[in-house]
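These are the residues of each chain, in order.
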Amino acid sequence: MAQIKVKIISNSRVSGNYRHLEFESGLIAKHAIAGQFVNIKVVDGWEPLLRRPLSIHSVKGQKVKVIYEILGKGTQILSTRKPGEFLDILGPLGNGFNSLSPNTHHLTPILIAGGIGVAPLVFLAEKLKLSKPLVLIGAMSKKQILCLQEFKALGCTVELATDDGSVGFKGRVTDLLRIVLEQTPLETRQKSRSAVTSGNLFLTGQAKRVELFSCGPHPMLKAVAQIAGEHKINAQLSLEEHMACGIGACLGCVVATKSGYKTVCKDGPVFSSEELVW
Ligand SMILES: Cc1cc2nc3c(=O)[nH]c(=O)nc-3n(C[C@H](O)[C@H](O)[C@H](O)COP(=O)(O)OP(=O)(O)OC[C@H]3O[C@@H](n4cnc5c(N)ncnc54)[C@H](O)[C@@H]3O)c2cc1C
Ligand code: FES
């Protein structure tokens, strides 16, 4: 982890309230693991004092990209920062996803994103692309679906779920996950009934060893953990908590786990679903 001044390359609107911020940092680019984040001081002065945590979305050469939603004061100010200006950044922070599972070629990763939770999962999909991930993206409506083309360009199969049914499955992304798992023969359960196919929606063919990776709102992650438990599969979940220091010093971001309280910023943000106490 380093505290560095980075030069903004671009800071532009993607759609709606969503922005891409790209900056140059050989150090962060070299060390970043998918699921890690950077903590950004959005102004040079004191207001707002606290940094804002954003997931690392992609790394290309020495360029690092984050994608953010303008929500409040910090992200509003960040959206006004111009190419050529410098930002004070701490990173890369946190543990990141474990994408180095043994027998990767037998593993089918299913990535489940809720809203802006797509941000770290694009970086992860790039690391897992040889395993041909299935990506399930959930949002309120079609306009809030992000990064669809980025996942497709990486060779992922992508399925969408929207609350209003404006595109893809109508309902929650976790309902879609439940259907996918019910209709996929899993190696762990060796289900006897054959997979039902509908377009490219379901994972068909031989029994699969599945691992879930998810980032999104807390209730969604809780549902993913519950589904993972029911199917006896592992899920790596990236949590979002309000943060102050971002480096494990203030204990402002603790969550309950089976082995006691842990900090989301330093011990996480990625936790195993089995480890968390909901
Ligand atoms: C590890 C981590 C990674 C993150 N990655 C991304 C990302 O890639 N893209 C992105 O857009 N956002 C991400 N977030 C959330 C982001 O940090 C907050 O949206 C941002 O700090 C809000 O700052 P603000 O000043 O604009 O809003 P504020 O004025 O501080 O708050 C506005 C609203 O956002 C909520 N909020 C504030 N901080 C957080 C937070 N840490 N988590 C959840 N809700 C919050 C507040 O409750 C309030 O409703 C991440 C958070 C964490 C902890
Ligand atoms: S934000 Fe300070 S310990 Fe996590």
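Coordinates for the structure precede this section.
All values reported here derive from a predicted model rather than from experimental measurement.

Chemist: What am I meant to see in the pattern of salt bridges here?
Modeler: Close approach of charged atoms lets side chains of opposite charge pair. Enumeration according to the criterion identifies six salt bridges in this entry. In this structure, Glu47 and Lys73 form a salt bridge, with 2.9 Å as the shortest nitrogen-oxygen distance. Pair noted here: Glu47 is in the loop between β3 (37-41) and β4 (52-55) and Lys73 is in helix α2 (residues 73-78), with a separation of 26 residues, a long-range link. Residue class for Glu47 comes out exposed when judged on its relative accessible area of 53%. Given the relative accessible area of 47%, Lys73 is considered partly exposed. Close ionic contact of Glu85 with Arg81 constitutes a salt bridge, the shortest N to O distance being 2.7 Å. Classification of Glu85 as partly exposed rests on a relative accessible area of 29%. Residue Arg81 is classed as buried on the basis of its relative accessible area, which comes to 12%.

Chemist: It is not clear to me how the pairing of strand β12 (residues 209-215) should be interpreted in this structure. Could you clarify?
Modeler: As a general feature of sheets, a regular strand has side chains that alternate between the two faces. Burial of β12 is extensive: six of the seven residues sit out of reach of the surface. Pairing of strand β8 (residues 107-114) with β12, which is carried by seven bridges, proceeds in the parallel orientation. Bridge pairing in β12 links Ile112 to Ser214. Both β12 and strand β13 (residues 235-238) contribute to a ladder of four bridges, which runs parallel. Its bridge partner lying in β13, Ser214 is registered against Leu237.

Chemist: In this structure, what is going on with helix α5 (residues 173-182)? I would like to understand it.
Modeler: Residues separated by three or four positions in an α-helix point in the same direction, a consequence of the helix having 3.6 residues per turn. Among the residues of α5, Val173, Thr174, Leu176, Leu177, Val180 and Leu181 are the ones counted as buried. Buried residues of α5 fall within an arc of 150 degrees about the axis and therefore sit on the same side. Buried positions along α5 lie against β8, β9 (134-139), β10 (157-162), β11 (169-170), β12 and α6 (218-231).

Chemist: Help me understand the sheet that holds strand β7 (residues 86-93) in this model?
Modeler: Strand order in the open sheet formed by seven strands is β4-β3-β7-β1-β2-β6-β5, and the pairing between neighbours is antiparallel. If you trace the sheet from one side to the other, it starts and ends with β4 and β5 (58-60), each paired once. Between one strand axis and the next, the sheet turns through 35 degrees on average, direction left out of account. For strand β2 (residues 18-24) and strand β6 (residues 63-69), the ladder comprises seven bridges, and the chain directions are antiparallel. Counterpart to Leu21 in the pairing with β6 is Val66.

Rules used in this analysis
- Residues numbered from 1 in each chain as written.
- Chains lettered and ligands numbered in written order.
- Predicted model: local features only at pLDDT ≥ 70, side-chain atom pairs only at ≥ 80, totals over all residues.
- Heavy atoms only, no water.
- Salt bridge = Lys/Arg side-chain N within 4 Å of Asp/Glu carboxyl O.
- Helix = DSSP H or I, 4+ residues; strand = E, 2+ residues; numbered from the N terminus.
- Buried < 20%, exposed > 50% of the residue type's maximum accessible area, 1.4 Å probe, protein only.
- Pairing = 2+ DSSP bridges.
- Arc of directions from axis to C-beta.
- Contact = heavy atoms within 4.5 Å.
- Axes fitted to C-alpha atoms, helices over the stretch in contact; angles between N-to-C directions.

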